[in-house]
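# Tertiary structure, described
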Amino acid sequence: MTSSADRWRVQEGALQLYRLFDVADAIDLSKAEAIAAAPRSRLRLETAQGSAAFEIPAPPLHLALGERTLRLSSGPRVVQAEARLYDYGVVSVVYRLPIPPGTPLEALVPLAEELAAAPTPALDAEARREADELCRALAPTLSRPHAWDGLETYHVFFVRRFDRPVGAAELLAEAPLAKLLLGEGSATPLSEGEREDVLKHRFSYLADDLAVVDWNSAFVLEPSGVGDIPDLLEFATAHLLELRYYDALLDRELSRIYDELDAGGRFQNVFTRRYGRLRRRTAALLLELTEMTERLENAVKIIGDFYLARLWQSAIRRFRLPAWQETVLRKQQLLSGVNALLGDAADTSRGQLMELAVILLILGEFLLALAVH
């Protein structure tokens with residue numbers, strides 16, 4: 001007799017492992033497409049019916065990297081590797097791990113638990129090596145490349161079909177989806193509140209498809225095999241990475257400005273033009289932040305598909321993108337205020353210097369007149 005844990009056997013599917021890195025301020029995708037050695041194409045997101053679901057002004061460049069062997073704690077895993085390059089300087093390395101036919105969902109929980117642990121050093125290091133190699137090969141296409149230790153991770157359990165017809169309602173009611181997405185291998189069941197918190201971010205268009213979106217992983221059942229939902233979640237993860245990068249950049253820049261202001265006295269700042277240099281640097285960073293915001297806002301536009309629009313909005317909330325945007329905006333406003341204060345301080349110092357010069361000239365003329373008489 002088949003146990004309840006073995007009822008949900010995947011017949012065709014894959015686990016998609018995403019590692020995203022911010023490598024430059026921008027990437028010239030047309031130039032990268034021309035010089036890339038790997039098989040390449042531009043991403044085009046479609047619905048299951050084949051119609052265009054998204055408007056992407058600068059479609060990411062897709063590169064096929066071939067077969068790899070990942071050394072995970074649970075053992076070596078053979079995967080297909082690929083990469084996507086985004087014009088705002090992000091490289092996404094994707095590993096597709098096929099799920100052997102007949103694998104129960106419950107049997108994937110230990111692997112999900114391993115991937116949910118932070119960090120996953122072997123996997124992260126391998127993905128960073130792939131990204132670094134791509135950056136070296138495509139160096140002429142990178143605008144102001146930089147090294148940043150941060151990265152974003154995401155995992156998608158993508159199932160095309162089970163070994164029997166399965167509906168979305170049945171999966172939600174009985175399958176161990178919450179345990180799978182949380183990577184919770186405990187024999188003790190999840191609380192009903194925790195389970196519902198994971199499963200409430202669920203979407204179905206037809207009775208036999210399902211998407212459950214969590215903050216670090218997702219489960220997608222898509223009989224058509226169309227990968228629009230994983231691709232959309234990758235876009236959201238790339239946006240989160242960019243906001244995290246600029247949040248860290250703003251922290252460093254504000255700290256450096258305060259240190260430089262403390263390092264020298266008022267007159268030293270005037271005569272060494274410290275204020276001018278600081279103002280130019282902060283102005284350049286503010287311009288860069290404005291360009292980044294515009295690129296992110298225009299990166300993806302959903303056209304005529306309210307189902308995917310709802311899923312996109314849910315992913316944005318689940319990834320806490322509005323909170324990150326608010327944090328970056330607040331620090332951007334603080335930087336703008338500092339820039340204005342630097343200008344005011346420089347003007348004040350120059351004004352005081354001019355007043356002192358006038359006083360000295362008047363005093364000199366007065367002393368000269370006394371000497372003559």
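Before reading on, note that the structure itself is shown above.
The structure displayed is predicted, hence computed values, not measured ones.

Conventions used here
Residues numbered from 1 in each chain as written. Predicted model: local features only at pLDDT ≥ 70, side-chain atom pairs only at ≥ 80, totals over all residues. Heavy atoms only, no water. Helix = DSSP H or I, 4+ residues; strand = E, 2+ residues; numbered from the N terminus. Buried < 20%, exposed > 50% of the residue type's maximum accessible area, 1.4 Å probe, protein only. Areas by Shrake-Rupley, 256 points an atom, 1.4 Å probe, with all protein chains shown as cover. Pairing = 2+ DSSP bridges. Core = buried A, V, L, I, M, F, W, Y, C linked by side-chain atoms within 4.5 Å. Contact = heavy atoms within 4.5 Å. Salt bridge = Lys/Arg side-chain N within 4 Å of Asp/Glu carboxyl O. Phe/Tyr/Trp six-rings, centres within 6.5 Å; stacked < 30°, edge-to-face > 60°. Lys NZ or Arg CZ within 6 Å of the ring centre and 35° of its normal.

With that settled, the discussion passes to the overall build of the chain. Secondary structure summary: the chain contains eleven helices and 14 strands in total. Looking at the 373 residues of the chain, the share that counts as buried comes to 47%. Working note: accessible area of the chain is about 18,500 Å², and carbon and sulfur atoms make up 56% of it.

On a regular strand, one side chain projects to one face of the sheet and the next to the other, so that they alternate. In terms of strand pairing, strand 5 (residues 61-72) meets strand 6 (residues 75-86) through eleven bridges, oriented antiparallel. Bridging from a neighbouring strand, Leu72 pairs with Gly75 of strand 6. Hairpin remark: strand 5 followed by strand 6, antiparallel, with two residues in the connecting loop. Pairing of strand 6 with strand 7 (residues 90-98), which is carried by seven bridges, proceeds in the antiparallel orientation. Pairing of Ala81 across the sheet is with Tyr95, part of strand 7.

Inside soluble globular proteins, nonpolar side chains tend to come together where they are buried. Leu85, Leu105, Phe162, Leu171, Leu177 and Phe219 are the most contacted members of the largest nonpolar core, which has 56 residues in total. For Leu85, the residues in contact, after removing those within four places along its chain, are Ile27, Leu29, Ala32, Pro60, Leu61, Leu63, Val90, Val91, Leu134 and Leu138.

A positive phi angle, close to 50 degrees, is found at Arg144, a residue other than glycine. By the secondary structure assignment, Arg144 is in strand 9 (residues 142-145). Its identity is not glycine, yet Arg320 carries a phi of approximately 60 degrees, on the positive side. For Arg320, the position within the fold is in the loop between helix 10 (306-318) and helix 11 (321-372).

Moving on, we get to the pattern of salt bridges. Using the criterion set out here, one finds 24 salt bridges in the structure. For Asp197, the salt bridge is made with Lys200, and the minimal N-O distance between the two is 3.4 Å. Under the relative-accessibility criterion, Asp197 is labelled partly exposed at 26%. Among the residues examined, Lys200 registers a relative accessible area of 48% and is labelled partly exposed. Through salt bridges with shared partners, one network takes in Arg68, Glu126, Arg129, Glu130 and Glu133.

By the definition in use, this model includes six aromatic pairs. Consider the rings of Tyr205 and Tyr307, whose centres lie 5.5 Å apart with planes at 55 degrees: the pair is tilted. Within this pair, whereas Tyr205 is found in the loop between strand 11 (202-203) and strand 12 (210-213), its partner Tyr307 is found in helix 10, the two being separated by 102 residues in sequence. The class for Tyr307 is buried, based on a relative accessible area of 9%. Three or more aromatic residues joined by ring pairs form one cluster here, namely Tyr86, Tyr88 and Phe235. Between Arg164 and the ring centre of Trp8, over which it is positioned, the NZ or CZ distance is 4.9 Å.

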